[in-house]
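The chain contents come next:
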Amino acid sequence: GSVYTPEEIRELGDVCVEKGVLIMSDEIYEKLIYGDAKFQSVAACSPEHQAHTIIVHGLAKAYSMTGWRIGFTAAPLPIAKAIGAIQSHSTSNPTSFAQVGAVAALDGPQDHLGEWLGEFSKRRTFACERLNSINGLSCINSEGAFYLFPKVSGTGMQSGEFCERLLGQAKVAAVPGVAFGSDDYMRISYATSMDNIEQALDRLEQFVNSL
Ligand SMILES: Cc1ncc(COP(=O)(O)O)c(C=O)c1O
């Protein structure tokens, strides 16, 4: 849920341009951003940045089209052509109704986003405050997407053991932070109802208190 500032994005891009490194920029959470955080595509920083960037994007997050198996890319022409050549021999094409749905999602009204962001924002703040009230856990609020990344190592466990025991004993599923390179943390999603979030946090609290 962290969001780099436009200046940080540009500076990261500068390094890649200078060293001749290609950037794959996954911008699927572009629209799911809270408060003062700002979305900046590295490709939009300058023509040189654009020439070094392959944007990958999809409809699974801002349009809930999870499972429709459709996304899109924007890349310098030779790279886009090479992607097309490989893709057309592996999956042929995304199915027709998903293509029509994707165009409707992108071209249609975007009013739902304001409502969703308000709701997600309530959930993230509620969950973050609850997490911080649990002894041994600490969390900073997210600025984008729909995940929180609380620190769990204060319980004496690393992320794999913590998540396995949390699942087995409290029936709450979370992703061990080690999968993202941070073994002191776990990832939880708040893309679910407030009732589910409350219940999961109650169980998490009971679990931690029982340790
Ligand atoms: C950063 C990121 N990119 C891409 C995806 C995948 O999206 P899709 O369902 O369109 O394959 C996800 C979803 O889990 C994601 O978190």
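Residues numbered from 1 in each chain as written. Predicted model: local features only at pLDDT ≥ 70, side-chain atom pairs only at ≥ 80, totals over all residues. Heavy atoms only, no water.

The next thing to look at is unusual backbone geometry. Even without glycine at this site, Ala 145 takes up a positive phi of about 60°. In this fold, Ala 145 is placed in the loop between helix H5 (112-133) and strand E4 (147-148). (Helix = DSSP H or I, 4+ residues; strand = E, 2+ residues; numbered from the N terminus.)

We now examine the layout of surface pockets. Its volume calculated, the largest pocket comes out at about 1,000 Å³. Looking at the lining of the largest pocket, the elements with two or more residues in it are helix H1 (6-19), strand E1 (23-26) and E4. Here the lining of the largest pocket gets four residues from one element, more than from any other, and that element is E1. By residue class, the composition of the lining of the largest pocket is 20 nonpolar, ten polar and six charged. Each of two domains, domain 1 (6-107) and domain 2 (112-209), supplies a minimum of three residues to the lining of the largest pocket. (1 Å grid on protein atoms, 1.4 Å probe; cavity = no way out; pocket = protein on both sides within 12 Å on 5 of 7 lines; lining within 4 Å. Points joined across faces, edges and corners; volume = space filled by probe spheres on them. Nonpolar A, V, L, I, M, F, W, Y, C, P; charged D, E, K, R; others polar. Domains from an automatic or database assignment.)

Each assigned domain of the protein is listed with its residue range as follows: domain 1 (6-107) and domain 2 (112-209). The straight-line distance from the C-alpha centre of domain 1 to that of domain 2 is 28 Å. The interface of domain 1 with domain 2 comprises ten residues on the first partner and 14 residues on the second. Taking both sides of the interface into account, the surface hidden between domain 1 and domain 2 amounts to around 1,000 Å²; carbon and sulfur atoms contribute 68%. Taken as a group, Tyr 29, Leu 32 and Tyr 34 account for 61% of the area that domain 1 buries against domain 2, more than any other trio of residues on that side. (Contact = heavy atoms within 4.5 Å. Buried area = accessible area lost by both parts, 1.4 Å probe.)

Since there are 3.6 residues in each turn of an α-helix, residues three or four apart along the chain are aligned in direction. An ideal rise of 1.5 Å per residue puts 20 Å on 14 residues; helix H3 (residues 77-90) measures up with 20 Å between its terminal C-alpha atoms. Of the residues flanking the end of H3, it is Ser 92, one or two places downstream, whose phi is positive at about 65°. (Expected span 1.5 Å × (residues − 1).)

Moving on: a negative patch on the surface. A contiguous patch of negative charge on the surface is contributed by Glu 7, Glu 8, Glu 11, Asp 14 and Glu 18. Relative to the helices and strands, Glu 18 is located in helix H1. (Patch = residues over 30% accessible without salt bridge, like charges linked within 9 Å, V, L, I, M, F, W, Y side chains within 5 Å. Areas by Shrake-Rupley, 256 points an atom, 1.4 Å probe, with all protein chains shown as cover. Salt bridge = Lys/Arg side-chain N within 4 Å of Asp/Glu carboxyl O. Lys, Arg positive; Asp, Glu negative; His and termini not counted. Charge placed at Lys NZ, Arg CZ, Asp CG, Glu CD.)

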